[in-house]
Amino acid sequence: MRSRPSAQRPVRSPRKKANPLHARGLTEVDWKDTALLRTFVSDRGKIRARRVTGLTPQQQRQVAVAIRNAREMALLPYPHAGRG
């Protein structure tokens, strides 16, 4: 029995995403800066993943905590729990 040649995937060049916080020169994330925090929230109100945002793990944690605080203060929406 012969093995079929496997279809090779095109090799992508690993290009890092630009870090939006470094681009703005920010070292800390403030929960009152809703314009910045909205860039890290999807249209459904979910916090975007780190691989999507291009943040470092420490920055992603800062952003997540800031978003949670802003939600608690009613500055940002909670995720929409729509069912079908």
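Our structure is the block above this text.
Residues numbered from 1 in each chain as written. Predicted model: local features only at pLDDT ≥ 70, side-chain atom pairs only at ≥ 80, totals over all residues. Heavy atoms only, no water.

J.: Could you give an account of the overall build of the chain, with specific residues and numbers?
T.: The secondary structure content of the chain amounts to 4 helices and 0 strands. Going from the N terminus to the C terminus, the chain shows its helices and strands as α-α-α-α. Looking at the chain residue by residue over its 84 residues, the buried ones come to 25%. Contacts in the chain between residues far apart in sequence, at least 24 positions, make up 59% of those at least 6 positions apart. Just so you have it, the chain exposes about 7,300 Å², and 50% of that area is on carbon and sulfur atoms. (Helix = DSSP H or I, 4+ residues; strand = E, 2+ residues; numbered from the N terminus. Buried < 20%, exposed > 50% of the residue type's maximum accessible area, 1.4 Å probe, protein only. Contact = heavy atoms within 4.5 Å. Areas by Shrake-Rupley, 256 points an atom, 1.4 Å probe, with all protein chains shown as cover.)

J.: Break down helix α4 (residues 57-72) for me, citing the residues and quoting the values.
T.: With 16 residues, α4 should reach 22 Å at 1.5 Å per residue; the first-to-last C-alpha distance of 23 Å fits that figure. If you check which residues of α4 are buried, you get Q59, Q60, V63, A64, A66, I67, A70 and R71. What you see down the axis of α4 is that its buried residues fit within an arc of 165 degrees, all on one side. Opposite its buried face, α4 presents the exposed residues Q58, R61 and E72, each directed more than 90 degrees away. (Expected span 1.5 Å × (residues − 1). Arc of directions from axis to C-beta.)

J.: Lay out the environment of Q60 with the relevant residues and their values.
T.: With respect to the helices and strands, Q60 occurs in helix α4. By relative accessible area, Q60 is classed as buried at 13%. Sequence separation between Q60 and F40 is 20 residues; the distance between their C-alpha atoms is 9.3 Å. In this view, Q60 contacts I47, R48, A49, R50, T53 and L55; residues no more than four positions away in its chain are not counted.

J.: Could you give an account of the nonpolar core, with specific residues and numbers?
T.: Listed in full, the 12 residues of the largest apolar core are L21, V29, L36, L37, F40, V41, L55, V63, A66, I67, A70 and L76. Elements that contribute at least two residues to this core include exactly α2 (34-38) and α4. When residues in this core are grouped by element, the largest group, 4 residues, is from α4. Excluding residues that lie within four positions of it along the chain, L36 makes contacts with L21, R24, L26 and V29. (Core = buried A, V, L, I, M, F, W, Y, C linked by side-chain atoms within 4.5 Å.)

J.: If you had to explain the side chain of R71 to someone new, which residues and values would you point to?
T.: Note that R71 resides in helix α4. With no salt bridge to any partner, buried R71 finds its closest opposite charge in E72, at an N-O distance of 9.0 Å. (Lys, Arg positive; Asp, Glu negative; His and termini not counted. Salt bridge = Lys/Arg side-chain N within 4 Å of Asp/Glu carboxyl O.)

J.: Summarise the side chain of N19; cite the residues concerned and give the values.
T.: Tracing the sequence through the fold places N19 in the segment before α1 (20-24). The class of N19 is buried, set by a relative accessible area of 12%.

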